[in-house]
Amino acid sequence: MIAPTRERGTVKTQHTNYQIDSLVEEKIQASMAGGKFDNLQGKGEPLPNQVDSNPYTDFTTHKMNQILVETGFSPEWVQLQKEIREQVLKVREELRKARQKMGPAPVNRDQQEYWQQ
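Since the model is a prediction, treat every value here as computed from it, not as a measurement.

Our next topic: the overall build of the chain. What the chain contains, in helices and strands, is 4 helices and 0 strands. Helices and strands in the chain line up, N terminus first, as α-α-α-α. In terms of C-alpha radius of gyration, the chain reaches 32 Å, well past the compact-globule figure of 13 Å for 117 residues. Its C-alpha atoms give the chain principal-axis dimensions of roughly 90 × 55 × 25 Å. Put simply, the chain has 117 residues, and 3% of those count as buried. Side-chain charges in the chain split into 16 positive and 16 negative, and the spacing between the mean points of these groups amounts to 4 Å.

The following block contains the structure:
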């Protein structure tokens with residue numbers, strides 16, 4: 001007996017998936033024909049706009065992410081980036097104030113040494 005090859009297994013899986021898809025589609029069509037979808041809430045209305053949803057994540061992952069965002073959680077790298085931005089703004093403001101104290105440009109030799117320290 002010849003062992004099944006990987007390609008044969010792939011074809012078999014694809015065939016099974018096609019059969020399942022066909023069965024599901026038939027059940028949906030039969031239910032639609034029987035009027036089982038006629039009294040659904042929101043029938044005839046547009047679907048809600050879900051900007052934050054990702055069709056490639058499962059429901060549990062989506063809900064966990066939603067809870068984390070709503071409670072103010074952010075990854076460490078985001079927090080560090082925020083702290084760096086705040087420090088940069090603080091240093092720039094300190095430099096601006098120190099420069100204003102020095103008077104108008106150009107600076108003299110003493111003031112230049114102060115800035116080189």
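So much for the structure itself; the text now carries on.
Let's shift gears to a nonpolar patch on the surface. Taken together, Ile20, Val24, Ile28, Met32, Phe37 and Leu40 make up a surface patch of nonpolar side chains, about 520 Å² in accessible area. Along the chain, Met32 falls in helix α1 (residues 6-33).

Let us now look at the pattern of salt bridges. Counted under the stated rule, the structure contains 2 salt bridges. Put simply, Lys43 and Asp38 hold a salt bridge, and the shortest N to O gap is 4.0 Å. Of the charged contacts, one joins Glu93 and Arg96 as a salt bridge, the two residues approaching to 2.4 Å between their closest N and O atoms. Pair noted here: Glu93 and Arg96 are both in helix α3 (residues 76-101), with a separation of 3 residues, about one helical turn. The class for Arg96 is partly exposed, based on a relative accessible area of 39%.

Residues at a pLDDT of 70 or more form 91% of the chain, whose mean pLDDT is 83. When pLDDT is averaged over each helix and strand of the chain, the minimum, 77, is found for helix α4 (residues 109-116) and the maximum, 93, for α3.

Reading guide: rules and limits
Residues numbered from 1 in each chain as written. Predicted model: local features only at pLDDT ≥ 70, side-chain atom pairs only at ≥ 80, totals over all residues. Heavy atoms only, no water. Helix = DSSP H or I, 4+ residues; strand = E, 2+ residues; numbered from the N terminus. Rg over C-alpha atoms; globule rule 2.2 N^0.38 Å. Buried < 20%, exposed > 50% of the residue type's maximum accessible area, 1.4 Å probe, protein only. Lys, Arg positive; Asp, Glu negative; His and termini not counted. Charge placed at Lys NZ, Arg CZ, Asp CG, Glu CD. Patch = residues over 30% accessible without salt bridge, like charges linked within 9 Å, V, L, I, M, F, W, Y side chains within 5 Å. Areas by Shrake-Rupley, 256 points an atom, 1.4 Å probe, with all protein chains shown as cover. Salt bridge = Lys/Arg side-chain N within 4 Å of Asp/Glu carboxyl O. pLDDT = per-residue confidence, 0-100.

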